[in-house]
Amino acid sequence: MSEQETLGLAEEFAHYRRTVLDKVEVPGPAAVRRTVRGRNRRRWGATATTALALLGGSAIGYAAMSGPDHRPGPVEPTPSVSVSPTPTPTPTPSPSVTTGGPASAVPDGRISRAQLLGASVTLPAWQAGRGCPTSAVRISGDDREGVNWLVALDHGDVDGDDAVETVALVQCVLGTKGPMQVVAFDRDKAGKVVTLGRVVATTIDKPQWLFALDVLGDGTVRVQVGDIAPGGGWAAKWSQRQWRGYRWKDDAFAQVSGPTSFGPNPNLADVSVTTGDLVLRVADDGSRTGTATVRIRNRGTTPVAHVVLRLGVPAVVRADVDGWETCSGVPESVDPIICRLGELAAGAEMRLDLDFHVFEGIKLSTDKADVEVQPMDGERDVLPDVNRSDNLVQMKMIYG
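Residues numbered from 1 in each chain as written. Predicted model: local features only at pLDDT ≥ 70, side-chain atom pairs only at ≥ 80, totals over all residues. Heavy atoms only, no water.

Peer 1: Can you walk me through the side chain of Gln 242 in this structure?
Peer 2: Mapping Gln 242 onto the fold places it in strand E7 (residues 241–249). Excluding residues within four positions of it along the chain, Gln 242 makes contact with Val 223, Gln 224, Val 225, Pro 259, Ser 261 and Phe 262. (Helix = DSSP H or I, 4+ residues; strand = E, 2+ residues; numbered from the N terminus. Contact = heavy atoms within 4.5 Å.)

Peer 1: Explain the sheet that holds strand E4 (residues 193–201) here, please?
Peer 2: For sheets, the rule is that strands pair by backbone hydrogen bonds, running either parallel or antiparallel. Spatial strand order, E1-E2-E3-E4: 4 strands in an open sheet with antiparallel pairing. In this open sheet, the two strands that pair with only one neighbour each are strand E1 (148–156) and E4. Neighbour to neighbour, the strand axes of the sheet diverge by 25° on average, direction disregarded. Across 7 bridges, strand E3 (residues 180–187) lies against E4 in antiparallel orientation. (Pairing = 2+ DSSP bridges. Axes fitted to C-alpha atoms, helices over the stretch in contact; angles between N-to-C directions.)

Peer 1: Which parts of the structure should I look at to understand the pairing of strand E6 (residues 221–226)?
Peer 2: Looking along a regular strand, one sees the side chains alternate between the two faces of the sheet. Burial runs high along E6: 5 of the 6 residues are buried. Bridging between strand E5 (residues 209–215) and E6 involves 6 bridges; their strand directions are antiparallel. By the bridge assignment, Asp 214 is partnered in E6 with Arg 222. As consecutive antiparallel partners, E5 and E6 are separated by 5 residues, and within that stretch Gly 219 has a phi angle of approximately 95°, a positive value. (Buried < 20%, exposed > 50% of the residue type's maximum accessible area, 1.4 Å probe, protein only.)

Peer 1: What should I look at first to understand the packing of aromatic side chains in this one?
Peer 2: To describe a pair of aromatic rings, you give the distance between the ring centres and the angle between the ring planes. One pass over the structure, following the stated rule, counts 3 aromatic pairs. Ring geometry for Trp 234 and Trp 238: centres 5.3 Å apart, planes at 70°, overall edge-to-face. Seen in terms of ring centroids, Trp 324 and Phe 356 are 5.4 Å apart; in terms of plane orientation they differ by 90°. Their pairing is edge-to-face. You can see Trp 324 sitting in the loop between strand E13 (318–319) and strand E14 (337–341) and its partner Phe 356 sitting in strand E15 (residues 349–358), a full 32 residues away along the chain. Here Trp 324 and Phe 356 have matching classes, each one buried. Directly above the ring of Phe 211 sits Arg 241, whose terminal nitrogen or CZ lies 3.7 Å from the centroid. One cation-aromatic arrangement involves Arg 288 over Tyr 399; the distance from NZ or CZ to the ring centre is 4.2 Å. (Phe/Tyr/Trp six-rings, centres within 6.5 Å; stacked < 30°, edge-to-face > 60°. Lys NZ or Arg CZ within 6 Å of the ring centre and 35° of its normal.)

Peer 1: Got a minute to help me understand the side chain of Asp 377 in this structure?
Peer 2: Following the sequence through the fold, Asp 377 ends up in the loop between strand E16 (368–376) and strand E17 (392–399). Judged by its relative accessible area of 7%, Asp 377 falls in the buried class. A distance of 3.2 Å separates the side chain of Asp 377 from the side chain of Lys 237, its partner in a polar contact. A polar atom in the side chain of Asp 377 sits 2.7 Å from the backbone nitrogen of Asp 381. Setting aside residues up to four positions removed in sequence, Asp 377 forms contacts with Lys 237, Trp 238, Asn 267, Ala 305, His 306 and Leu 383. (Polar contact = N/O pair within 3.5 Å; in protein donor to acceptor, adjacent residues only side chain to side chain.)

Here you go:
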């Protein structure tokens, strides 16, 4: 470069300093700090961008919520981080397989009395008697003839599904001895009442009656069964009763506890009576006297608590002194004469030689008298006899 050129360049620089640099503000300390912070932010921003790229989609999504309208709370530690740029979506389970969801929940089988009476149900076939309708029927709340009567109701988890079912005692009302059965009910997923199964039913043999039911906490259905059905002169208190337990197993109920058979019923009596003729002969005072021999036998297999002998002699034929000691409360004259006796053991026989007398000049209106024996329980209620044909005989009364 020539000297002239060098001088020209120096003149240009001088002009620049005079016209431009005088307008430039020299930065102070505050300006320097701002400049440094700006440079630091740019450096950390580059580092953060690299970290976010490594964390992937889940971290980016979380960072997107850090704006003024999304203030995230504490972040739980992440067990593992996927390096896949696109997270694999989690399959959404269908409602039918969601554990504990409404669609998969076990139906509630607790059915109230009113709900059961209002539902159309199907009952298992009746096993004793001619039966009542069983298909699509409504159970009745009363015991009208020819209906399926709801006698008793209880609830419990009887099939082990952790939900409650309903157990009902139902009778087919046919006179006084209609058949009975205990039936378990449930609900299907739609809430409809459905029949789970029969627990136990009466039979023509035994049991002939069902008295009560009770569902235990372990799902056992206890039923109180009776050997003989009440009615037709047979009181319910005379039936032998047993509690038997039943459990749901292999889609059916089976007995798991209690007796499986009945012994002889102590209230099922079988007594008989026989008698000889009453021959009335003239005594020294002109009256007539005679003795009748009566035999009472217990043909049953159990004792009879009380035996009552009824003698239908005319009022003019009176009980004399002898032979009546074993009878309680026998008046001298009554029609008929009632002789109350004590217990008669099974297979035992009792002989009574009973004296009678008729005052002088009295004529008999009949020459026959009924002699009847009746078995009684401990409360002096007359028991039915299995063979009533030998409970009544006639005694002839003869003037000798």
